[in-house]
Amino acid sequence: MSETSAPHDARATPSASRSALSAAQRNAVAELLRVSPVADELGRRFAGAGHELHLVGGSVRDALLGRLGEDLDFATDAHPDETLRLLKGWAEATWETGREFGTIGAQRAGLRLEITTFRAESYDQVSRNPVVRYGDNLADDLRRRDFTVNAMAVSLPGHDFTDPYGGLADLADRVIRTPGTPAESFGDDPLRMLRAARFAAQLRFAVHPVVREAMRAMAADLDRITAERIRDEFTKLLCGADAVTGLRLLVDTGLADRFLPELSGLKLEIDEHAQHKDVYEHTLTVVSNAIRLEEGGCDFVLRMAALMHDVGKPATKAVGPDGRVSFHHHEVVGARMTKQRMKALRYPKDVIGQVVGLVGLHLRFYGYGRGEWTDSAVRRYVTDAGELLPRLHKLTRSDCTTRNRRKAAALAADYDALEERIARIQAEEDLARVRPDLDGNAIMELLGVPPGPIVGRAWRHLKEIRLERGPLDRDEAEAELQRWAREQGVLD
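Analysis parameters
Residues numbered from 1 in each chain as written. Predicted model: local features only at pLDDT ≥ 70, side-chain atom pairs only at ≥ 80, totals over all residues. Heavy atoms only, no water. Helix = DSSP H or I, 4+ residues; strand = E, 2+ residues; numbered from the N terminus. Buried < 20%, exposed > 50% of the residue type's maximum accessible area, 1.4 Å probe, protein only. Contact = heavy atoms within 4.5 Å. Areas by Shrake-Rupley, 256 points an atom, 1.4 Å probe, with all protein chains shown as cover. Expected span 1.5 Å × (residues − 1). Phe/Tyr/Trp six-rings, centres within 6.5 Å; stacked < 30°, edge-to-face > 60°. Lys NZ or Arg CZ within 6 Å of the ring centre and 35° of its normal. Pairing = 2+ DSSP bridges. Disulfide = S-S within 2.5 Å. Salt bridge = Lys/Arg side-chain N within 4 Å of Asp/Glu carboxyl O. Core = buried A, V, L, I, M, F, W, Y, C linked by side-chain atoms within 4.5 Å. Polar contact = N/O pair within 3.5 Å; in protein donor to acceptor, adjacent residues only side chain to side chain.

**Section: the overall build of the protein chain**
- Tallying secondary structure elements over the protein chain gives 23 helices and 14 strands in all.
- Looking at the protein chain as a whole, 50% of its 492 residues qualify as buried.
- Sequence-distant contacts in the protein chain: of pairs separated by 6 or more residues, those separated by 24 or more amount to 67%.
- A total accessible area of about 22,900 Å² is found for the protein chain, and carbon and sulfur atoms account for 48% of it.

Next comes the structure, spelled out in structure tokens:
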């Protein structure tokens, strides 16, 4: 892979950076060799028709990092109609969902390809949408990209490397900068500010101070971006390898204030007369703890619940006569706030319901260690959590952040005991499918009533009895139903 243009600032790099550059280049060669049977073949088709084709953007960045996936991004001087013509008979499938932005999609040999006509687009600053204008050269196309590490290209099939803005050096230094000025880049698309924080979380890169300052100065411009685009970037950030770094950047630059003010709002003032745990730092610790408890990939529902579990505290903070601080019912208030915020960000209803459910339940465990929980309380805990129970276990454990080792060990032991007790009762009673001991048909037959509200009320009463006392035999269940019916005036 030959280099056709050097970094624009020609800065000297220390030996560690030079070593990183060499490793990155070796990674890129290995990754490109892996996909070159398809990429080079496509490049030859475009070259034969008199057009350029380059692997660009995130694909080059990821190749340099040794993590190129199955999705490849290309740039070309060919317009979409010509791209489609060149793909015909070669691609296994094509799609045109991005055609209005100059992008044609294709599939070949298990790889998903997106081929975009060179662009010199800008945003109209009002409608929040890009104004697409086709470009005629690679240099202009790379300049319009968000960050230098995404402004590199490799020609196909020649494998000439183009890096006009020092992206390779920035990749070695693990720093996020913009090809032009940050103000120019963020003015074109304010979502790039949120994307910078997302890359910090995903790639563990540092944001250059000049870029960070522009994010702080232009944070209000994020208001021009649709909730859906913000949601998608934020979801990727929260699912990043270092989500806490990304979250801190959102708060420090004021970006969080524009779409997630509850996060910044956790920075409660702590004074010498009303000591309490730093809720903001505690929350970030809980997020970190939850990530460590994940099994497999990112569990967005768990991470979001960890992030939002204490957002109700600022609104419920109270200082008693003895100077002690309390946050009574903050889980109820927090669940309501979480629902409102996630609806505003256009999250799906099922995702909102799961996160809200966890926020509302996250305090239920406390008090178990005092020996106050009966088997009935355990049944209710499991039944109320339902399918969220495995996540609730993880959230509750993550929320135990005390620095007092003895207290931390006691909380962990208490939760171990609760999980063991749940497992025992589940094995005995099949708690996953708690139902009354009599179904609707039996209730109607025994009471001599048709379908209607009385049957529903009787069913719910029997379920409460089931939760309170465990399984009943048939005679006990019928006796309880008749007792209830007489109390309610259903039976004489």
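Picking up after the structure, the text goes on.
**Some remarks on helix α17 (residues 349-361)**
- Between its first and last C-alpha, α17 extends 18 Å over 13 residues, near the 18 Å set by a 1.5 Å rise per residue.
- Taken together, the buried positions of α17 are Val351, Ile352, Gln354, Val355, Val356, Leu358, Val359 and Leu361.
- Considering only its buried residues, α17 is in contact with α14 (300-308), α16 (330-344), α18 (375-385) and α19 (389-398).

**Side note on the environment of Arg195**
- Topologically, Arg195 is positioned in helix α7 (residues 191-203).
- Along the sequence, Arg195 and Leu237 sit 42 residues apart, while their C-alpha atoms lie 8.1 Å from each other.
- Excluding residues within four positions of it along the chain, Arg195 makes contact with Asp146, Phe147, Asp189, Arg229 and Glu233.

**So, the packing of aromatic side chains**
- Inspection of the entire model under this criterion finds four aromatic pairs.
- Centroid distance Phe147 to Phe199: 5.6 Å. Interplanar angle 75 degrees. Geometry classified as edge-to-face. Taken together, the residues Phe147 in the loop between α4 (138-143) and β9 (153-155) and Phe199 in helix α7 connect sequence positions 52 residues apart. Phe199 carries the same exposure label as Phe147, and that label is buried.
- Relative to Tyr347, the ring of Phe300 has its centre 5.3 Å away and its plane inclined at 20 degrees; by these criteria the two rings are stacked. With Phe300 in helix α14 and Tyr347 in the loop between α16 and α17, this residue pair connects regions lying 47 residues apart in the sequence.
- Directly above the ring of Tyr280 sits Lys267, whose terminal nitrogen or CZ lies 4.9 Å from the centroid.
- For the cation-ring pair, Lys313 lies above Phe327, with the distance from its terminal atom to the ring centre recorded as 4.8 Å.

**Some points on the pairing of strand β5 (residues 103-108)**
- As paired strands, strand β4 (residues 93-95) and β5 are joined by three bridges and run antiparallel to one another. Note that in β5 the partner of Ala93 across the bridge is Gln107.
- Where β5 lies against strand β6 (residues 111-117), six bridges are found, and the strand directions are antiparallel. For Gln107, the partnering residue across the bridge sits in β6 and is Arg112.

**Quick look at the state of the cysteines**
- On inspection of all chains with the given rule, the structure shows one disulfide.
- Each sulfur in the disulfide pair Cys239 and Cys298 lies 2.1 Å from the other. Linking Cys239 and Cys298, the disulfide has an S-S dihedral of approximately -60 degrees and is accordingly described as left-handed. Residue Cys239 is found in the loop between α9 (227-238) and α10 (243-253), and its partner Cys298 is found in the loop between α13 (279-293) and α14; the two are separated by 59 residues along the sequence.
- On the basis of relative accessible area, Cys239 is assigned to the partly exposed category, the value being 28%.

**Notes on the pattern of salt bridges**
- All chains considered together, the criterion is met by 30 salt bridges.
- Residues Lys313 and Asp310 are paired through a salt bridge, measuring 3.4 Å at the closest nitrogen-oxygen approach.
- Judged by relative accessible area, Asp310 falls into the buried class, the value being 2%.
- Between Arg397 and Asp416 there is a salt bridge, with its nearest N and O atoms 2.6 Å apart. Residue Arg397 is located in helix α19, and its partner Asp416 is located in helix α20 (residues 405-429); the two are separated by 19 residues in the primary sequence.

**Considering the nonpolar core**
- Core analysis: the largest hydrophobic core is formed by 113 residues, its most contacted members being Phe74, Phe234, Leu247, Leu250 and Leu307.
- Here this core takes nine residues from α7, the largest share from any one element.
- Membership of the second largest hydrophobic core comes to 15 residues, among which are Leu447, Ile465, Leu472 and Ala477.

**A few points about α13**
- Between its terminal C-alpha atoms α13 stretches 21 Å, which fits the 21 Å expected from 15 residues at 1.5 Å a residue.
- On its buried side, α13 packs onto α10, α12 (261-264), α14, α15 (313-316) and α19.
- Capping of α13 at its N-terminal end is provided by Asp278; its side-chain oxygen lies 3.1 Å from the backbone amide nitrogen of Tyr280.

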